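An overview of the molecular structure
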Amino acid sequence: MISNQHNAEARGWQPAVFTMAELEADLDHIIPSSVLPPFWAKLVVGFVSLLCFARSYDGDFVFDDSEAIVNNKDLRAETPLGDLWHHDFWGSRLSSNTSHKSYRPLTVLTFRVNYYLSGGFHPVSFHMVNILLHGGISVLMVDVFSVLFGGLQYTSKGRRLNLAPRSSLLAALLFAVHPVHTECVAGVVGRADLLGALFFLLSFLGYCKAFRESNKEGTHSTFWVLLSIILGAVAMLCKEQGITVLGLNAVFDILVIGKFNVLEIVQKVLHKDKSLENTGVLRNGGFLFRMTLLALGGAGVLYMRWKIMGTGPPAFTEVDNPASFADSMLVRAINYNYYYSLNAWLLLCPWWLCFDWSMGCIPLIKSVGDWRVIALAALWFCIIGLICQALCSEDTHKRRILTLGLGFLIIPFLPASNLFFRVGFVVAERVLYLPSAGYCMLLTLGFGALSKHTKKKKLIAALILGILFINMLRCMIRSGEWRSEEQLFRSALSVCPLNAKVHYNVGKNLADKGNQTAAIRYYREAVRLNPKYVHAMNNLGNILKERNELQEAEELLSLAVQIQPDFAAAWMNLGIVQNSLKRFEAAEQSYRTAIKHRRKYPDCYYNLGRLYADLNRHVDALNAWRNATVLKPEHSLAWNNMIILLDNTGNLAQAEAVGREALGLIPNDHSLMFSLANVLGKSQKYKESEALFLKAIKAHPNTASYHGNLAVLYHRWGHLDLARKHYEISLQLDPTASGTKENYGLLRRKLEQMQKKDV
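Positions within a chain are numbered from 1, following the residues in the order the chain's sequence is written. Given that this is a predicted model, residues contribute local features only at a pLDDT of at least 70 and side-chain atom pairs are listed and counted only at 80 or more, while totals for whole chains, interfaces and linings are drawn from all residues. Side-chain metrics in this entry use all non-hydrogen atoms of the structure; hydrogen atoms and water are not considered.

The criterion, for reference: UniProt positions are given in the numbering used here, feature names are shortened, and annotations may be inferred rather than shown by experiment.
Named according to an unreviewed UniProt entry, the chain is Protein O-mannosyl-transferase TMTC4 originating from Rousettus aegyptiacus. One UniProt comment on the chain, placed under Sequence similarities (unreviewed entry), says "Belongs to the TMTC family." Looking at the chain in UniProt, the text filed under Pathway (unreviewed entry) is "Protein modification; protein glycosylation."

The following block contains the structure:
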């Protein structure tokens, strides 16, 4: 609060000044004076924060990065910027039933700028921005903690008293090196949390600025209050929980600006004290005006988001958040509180970290006899103890610090608490980025109290330095695990061995690298842990299909579509298996069902065309492949099959037209060049055919069929020496090609006959 330094007012601040000086003195043995000037303090915090996560700078795009960045069309230049305001974080339309409803257009905009400036999907530039953002936020935390610990008391010249340099520096260091932040910093999609936190803190500091800019006790600058609300709205457009800063600003106003004493008010209410009517904060017009602005601003921002997002909530499944689907309200309440205790444990002991906590990672507590209820009881014992201290302590400074620390811990966490709406996760380390600031604040106060009540100051200093060092080491190790999907997924096996998604992701990573045998093992384990895991069934069925284990593949895929009837990819894969088993009618029905559930499905049309081709239903095959190319103009396989089918049925003119159309759309596709070259050769357009064959060979010089068919062209054309040369190259690349051997034999006999005639 701004003070004009009258004597009465100065006396009113004295207890806070005394206790503040006391806390600073308690930390004197830990934080040396040499780093206390603001510049040096911020430099130390910034350097340490960058050092912790620097190892992730050259990591890959991992886990959710693929969907949010690599496969997100909103990052491409051809997508209008206006679409960002109608799409969710993953690039889907907000009005879609499948939309996640996560509305973060400003974060997506930074990804788009990143993509443009780096000239493509180069992970280094994306990771560097995240690391620098965390460094900037950690530096900003020095100012935030300075206000939270020291309050807002100013001299007549506008200089703030009680800067709390030691407390703010220690809390900022604890925040900068906390390992729970690794997901936000090392995972590129964590930028949403970083940007949300940045504007959250700027909004809070802007609200504090409102009381420095005015020059009269109890007044404020309306401009800064409004700017704070706007920055809160910007924070929400980066990450949903950013809007909670308005609630924190209100709590700060009540406790620090209005010096509201909750315990005193409660006592007056209980004793029906008439002096309650004269409580200063309630009669202060400026306070009521600010609360009205915050309430209206928050309501307006939420209303606009609701209008843009639509009324329908996101469609989460039981595997995402099983507790929220429990029938019993008691079971839901117990598990939600257990989740809170797990989040608290991640703040206290961030050694147990995992990229995903769903799908059986945390089994449901179904009765009060479960031993895990102890964790829930311990959490509430600690919280109630802190609340009692925050309300009942005679030390006004301690009351304020505890209340603000709890506010910073709890208020930003509320959107992830399941209290107001169902969330799509069990535990998520990323949502602890802002709440961890409250934890660091409470921990700093605890260290001060511990130092005050013990003579072994050096032991406390060693303990704090040890915690900082261990956390830094953990950050570096965890950043290394986030560098690649293989390391990230494998790191989760020891933390969540019951998590089916962990086994699925390890299996998928192995399958992508061609290790199908190991992938099958992990997919089977994922299905064992979660018998309704349709994506694991689909991927396992796919591998078994490729290994020609068709019977089991059909059983798995049939079960997958039975569990999830609208799973289009599983229907298509089931159709492929049924086609291989010569069950053509069932295959056609499966393909048709897949297309019914996903109308724009070019790969399914392609496979349907292959089925029709096998059945000699040539017109239907051509129509199916044409549909595939309409939906996906760069679908090379569909174009190729059309050209080959038309060629084989003698429709050379139509085959040539389709081939030219395809090459116009995909000019560098060597397989299309090869197919069209064959058609042109049969049409006796030798020169043009030769040019296409040579371009295809230049692109893929070691493909035997390219040389063999070019040799056939030369053979027909009468360039026999060139024909012999390419026959020989083709046979060197593939000595088993019977057609090439036969043609080469014909050529040799012809050359021998020509030699005899010459003789």
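Structure's up, so let's keep going.
1. Some details on the packing of aromatic side chains
Let me state the cut-off plainly: Note on aromatic contacts: the rings of Phe and Tyr and the six-membered ring of Trp form a pair at centre separations within 6.5 Å, being stacked when their planes are under 30 degrees apart, edge-to-face when over 60 apart, and tilted otherwise. Strands are runs of DSSP state E lasting at least two residues, helices are runs of H or I lasting at least four, and both sets are numbered from the N terminus onward. The cut-offs for exposure are 20% and 50% of the maximum accessible area for each residue type, with area from a 1.4 Å probe on protein chains only; residues under the lower value are buried, those over the upper are exposed, and the others partly exposed.
Evaluated as defined, the whole model comprises 26 aromatic pairs. Pairing phenylalanine 200 with phenylalanine 408 gives two aromatic rings, centres 5.7 Å apart and planes at 55°, and the pair type is tilted. Of the two residues, phenylalanine 200 is situated in helix α8 (residues 191-213) and phenylalanine 408 in helix α16 (residues 396-410); the sequence distance between them amounts to 208 residues. Residue classification places phenylalanine 200 among the buried residues on the basis of a relative accessible area of 0%. When the centroid spacing of 6.5 Å and the interplanar angle of 70° are considered together, the rings of phenylalanine 204 and phenylalanine 408 count as edge-to-face.

2. Topic: the state of the cysteines
Stated formally: Here, two cysteine sulfur atoms that lie within 2.5 Å of each other are counted as a disulfide.
Counted under the stated rule, the structure contains 1 disulfide. Covalently, cysteine 361 is tied to cysteine 496 through a disulfide, its sulfur atoms 1.7 Å apart. In this pair, cysteine 361 is assigned in the loop between α14 (329-348) and α15 (373-392) and cysteine 496 in the loop between α19 (485-493) and α20 (500-512), connecting sequence segments 135 residues apart.

3. Let's talk about the packing of α19 against α20
Which entries qualify depends on this criterion: Axes here mean lines fitted to C-alpha atoms, for a helix over just the part in contact, with angles spanning 0 to 180 degrees between N-to-C directions. Working rule for angles: under 35 degrees goes down as roughly parallel, over 145 as roughly antiparallel, 65 to 115 as roughly perpendicular, anything else as oblique. Here a crossing is called left-handed whenever its near helix is offset anticlockwise from the far helix by less than a right angle, and right-handed whenever the offset is clockwise. When checking whether two residues touch, look at their non-hydrogen atoms; a contact exists if any pair is within 4.5 Å. Residues were grouped as follows: Ala, Val, Leu, Ile, Met, Phe, Trp, Tyr, Cys and Pro as nonpolar; Asp, Glu, Lys and Arg as charged; and all remaining residues, including Gly, as polar.
Contact geometry of α19 with α20 gives a least axis separation of 9 Å together with a crossing angle of 150°. In terms of axis orientation, α19 runs roughly antiparallel to α20. In this structure, α19 crosses over α20, and the sense of that crossing is left-handed. When α19 is examined against α20, the residues Glu485, Glu486, Phe489, Arg490, Ala492 and Leu493 are found in contact with a partner set consisting of Val502, His503, Asn505, Val506, Asn509 and Leu510. Considering only residue class, the contact of α19 with α20 consists of 6 nonpolar, 3 polar and 3 charged.

4. Thoughts on a nonpolar patch on the surface
Put simply, the rule reads: Grouping into patches uses exposed residues only, defined as over 30% relative accessible area, and leaves out salt-bridged ones; the cut-off is 9 Å for like charges and 5 Å for nonpolar side chains (Val, Leu, Ile, Met, Phe, Trp, Tyr). Shrake-Rupley sampling with a 1.4 Å probe provides the accessible areas, and residues are treated as covered by the protein chains on show and by no other component. Whenever Lys or Arg places a side-chain nitrogen within 4 Å of a carboxyl oxygen from Asp or Glu, that contact is recorded as a salt bridge.
A cluster of nonpolar side chains, Leu50, Tyr57, Val124, Met128 and Leu132, forms an exposed patch at the surface whose accessible area comes to about 410 Å². With 3 residues, helix α5 (residues 123-150) is the single largest residue contributor to the nonpolar patch. Here leucine 50 is to be found in helix α2 (residues 38-53).

5. Examining unusual backbone geometry
Here the phi dihedral of alanine 164 falls at roughly 50°; this positive angle occurs in a residue that is not glycine. Under the relative-accessibility criterion, alanine 164 is labelled buried at 2%. In this model, asparagine 418 sits at a positive phi of 70°, which is unusual for a non-glycine residue. Among the structural elements, asparagine 418 can be located in the loop between α16 and α17 (435-452).

6. Structural notes on the nonpolar core
To keep it simple, the criterion reads: Here, nonpolar core refers to any group of buried Ala, Val, Leu, Ile, Met, Phe, Trp, Tyr and Cys residues whose side-chain atoms link them within 4.5 Å.
If you look at the biggest cluster of nonpolar residues, it comprises 211 residues, and the most contacted ones within it are Phe145, Phe204 and Phe252. Element by element, the count of residues in this core is highest for α8, at 12 residues. Residue contacts for phenylalanine 145: discarding those within four places in its chain leaves Gly150, Ser168, Ala171, Ala172, Phe175, Ala437, Cys440 and Met441. Formed by 12 residues, the second largest nonpolar core is a distinct cluster that contains Leu84, Phe89, Phe111 and Ala192.

7. Considering the pattern of salt bridges
Scanning the model with the defined rule gives 26 salt bridges in all. Between arginine 290 and aspartate 253 there is a salt bridge, and its shortest N-O distance comes to 2.5 Å. Of this pair, arginine 290 sits in helix α13 (residues 285-309) while aspartate 253 sits in helix α10 (residues 245-257), placing them 37 residues apart in sequence. Both residues of the pair, arginine 290 and aspartate 253, count as buried. Arginine 617 is paired through a salt bridge with aspartate 620; the nearest N and O atoms lie 3.1 Å apart. With relative accessibility at 30%, the residue arginine 617 sits in the partly exposed group. A relative accessible area of 31% means that aspartate 620 is categorised as partly exposed. One connected set of salt bridges, linked through shared partners, spans Glu656, Arg660, Lys685 and Glu688.

8. Here's the deal with the side chain of serine 436
Turning to its location among the elements, serine 436 is positioned in helix α17. Among the residues examined, serine 436 registers a relative accessible area of 0% and is labelled buried. Ignoring anything within four residues of it in the chain, the contact list for serine 436 reads Phe175, His181 and Leu347.

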